[in-house]
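Commentary on secondary and tertiary structure
In case you want the letters, here they are:
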Amino acid sequence: MAAVVKSEAEWKAELSDFEYKVLREQKTEAAGTGEYDRFYPPEGHFICRGCGNPLFSAASKFKSGCGWPSFDRCYANSIILQADSTHGMQRRELVCARCKGQR
């Protein structure tokens, strides 16, 4: 899979303001408010908004109660786990393996 490399100006031109904040600046929506929180399609897959890379199958989505979409498996080589120490805690953040978009 070829990496997607774009300038910040290109990302800003292609993404909505909110998409840019989430994918490029590590922002997020408030818990329970995102368009995919309660969306459970019977089939298909979820893709990266930045580059279209398939990330998760619809069958892997589950209700975790945390207020954000949750998945119990991803497509092989579709994501990278990276350390995130923001907000005073240690977490693992999922990023797209193709464009490094957050989630």
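Every chain's residues receive numbers from 1 upward, in the order its sequence appears when written. Only residues with pLDDT of at least 70 get local features here, since the model is predicted, and only at 80 or more are side-chain atom pairs given and counted; chain-wide, interface and lining totals rely on the full set of residues. Water and hydrogen atoms were dropped before computing side-chain values, which therefore reflect all heavy atoms in the structure.

**Focus: the nonpolar core**
- Remark: nonpolar core denotes a set of buried residues (Ala, Val, Leu, Ile, Met, Phe, Trp, Tyr, Cys) joined through side-chain atoms within 4.5 Å. Relative accessibility decides the category of a residue: with a 1.4 Å probe and only protein chains considered, values under 20% of the type maximum give buried, values over 50% give exposed, and everything between is partly exposed. If you look at the biggest cluster of nonpolar residues, it comprises 11 residues: Val-4, Trp-11, Leu-15, Tyr-20, Leu-23, Cys-48, Cys-51, Leu-55, Phe-56, Cys-96 and Cys-99.
- Helix and strand assignments come from DSSP, with helices taken as H or I runs of at least 4 residues and strands as E runs of at least 2, each series counted from the N terminus. Broken down by secondary-structure element, the contributors of at least two residues to this core are α2 (17-25) and β2 (54-57).
- Throughout, a residue-residue contact means that at least one pair of heavy atoms, one from each residue, lies within 4.5 Å. The residues touching Phe-56, leaving out its near neighbours within four places in the chain, are His-45, Phe-46, Phe-71, Arg-73, Cys-74, Tyr-75, Ile-79 and Leu-94.

**Regarding the pattern of salt bridges**
- Think of a salt bridge as a Lys or Arg side-chain nitrogen and an Asp or Glu carboxyl oxygen that are within 4 Å of each other. Per the counting criterion, the structure on display carries 6 salt bridges.
- Arg-49 is the salt-bridge partner of Glu-19, the closest N and O atoms lying 3.5 Å from each other. Taken together, the positions of Glu-19 in helix α2 and Arg-49 in the loop between β1 (45-47) and β2 put the pair 30 residues apart, joining distant regions of the chain.
- Look at Arg-49 and you get partly exposed, because its relative accessible area is 44%.
- With its nearest N and O atoms 3.7 Å apart, the salt bridge here joins Asp-37 to Arg-38.
- By relative accessible area, which is 13% here, Asp-37 ends up buried.
- Residue Arg-38 is classed as exposed on the basis of its relative accessible area of 65%.

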